[in-house]
Amino acid sequence: MMPFEKCPVCGSEMIEKEVEKLLRGGNNTAVLKVHAEVCLRCGERLYSQETVRKFEEIRAKLEHQDTAGFQPLGKSFQVV
Ligand SMILES: [Zn+2]
């Protein structure tokens, strides 16, 4: 199912984990929990194609302010 068993960056073992992913579209951001393969050594994350497609869908919705199905989660700030 996953394309990599070893980390493509450092060659270490990868484990499946639930991670938080921050997505940005336009000025909007969304946080979602997804499964990823995470490298035990360098922290590289790999997502399945299905997950990557989901990211793209959500980014497009954020860009178009189409956030009716999303739950508000506090405010986002930019610190410069
Ligand atoms: Zn690695």
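The shown structure was predicted, so the numbers you read here are calculated from the model rather than taken from an experiment.

1. Points about the layout of surface pockets
(1) Moving on: By volume, the largest pocket is sized at about 460 Å³.
(2) Moving on: Per element, the largest residue contribution to the lining of the largest pocket is 5 residues, and it comes from strand β2 (residues 28–39).
(3) Moving on: Broken down by class, the residue content of the lining of the largest pocket amounts to 9 nonpolar, 6 polar and 1 charged.

2. Points about the side chain of Ser-48
(1) Moving on: Tracing the sequence through the fold places Ser-48 in the loop between β3 (45–46) and α1 (49–63).
(2) Moving on: We classify Ser-48 as buried; its relative accessible area is 18%.
(3) Moving on: A distance of 2.9 Å separates a polar atom in the side chain of Ser-48 from a polar atom in the side chain of Thr-51.

3. As for a nonpolar patch on the surface
(1) Moving on: A surface patch of nonpolar side chains, about 300 Å² in accessible area, is lined by Leu-22, Val-31 and Leu-73.
(2) Moving on: Here Val-31 lies in strand β2.

4. Remarks on the coordination of the zinc ion
(1) Moving on: Taken together, Cys-7 (SG), Cys-10 (SG), Cys-39 (SG) and Cys-42 (SG) make up the full set of protein donors to the zinc ion, lying 2.3 Å away.
(2) Moving on: Here the zinc ion binds 4 donor atoms, and the angle range of 99 to 117 degrees at the metal identifies the geometry as tetrahedral.
(3) Moving on: Accessibility expressed as a relative area gives 4% for Cys-7, which makes it buried.

The rules behind the values
Residues numbered from 1 in each chain as written. Predicted model: local features only at pLDDT ≥ 70, side-chain atom pairs only at ≥ 80, totals over all residues. Heavy atoms only, no water. 1 Å grid on protein atoms, 1.4 Å probe; cavity = no way out; pocket = protein on both sides within 12 Å on 5 of 7 lines; lining within 4 Å. Points joined across faces, edges and corners; volume = space filled by probe spheres on them. Helix = DSSP H or I, 4+ residues; strand = E, 2+ residues; numbered from the N terminus. Nonpolar A, V, L, I, M, F, W, Y, C, P; charged D, E, K, R; others polar. Buried < 20%, exposed > 50% of the residue type's maximum accessible area, 1.4 Å probe, protein only. Polar contact = N/O pair within 3.5 Å; in protein donor to acceptor, adjacent residues only side chain to side chain. Patch = residues over 30% accessible without salt bridge, like charges linked within 9 Å, V, L, I, M, F, W, Y side chains within 5 Å. Areas by Shrake-Rupley, 256 points an atom, 1.4 Å probe, with all protein chains shown as cover. Salt bridge = Lys/Arg side-chain N within 4 Å of Asp/Glu carboxyl O. Donors = N, O, S within 2.8 Å, 3.2 Å for Na, K, Ca; no water. Tetrahedral: all angles 85-135°; square planar, octahedral: opposite > 155°, others 65-115°.

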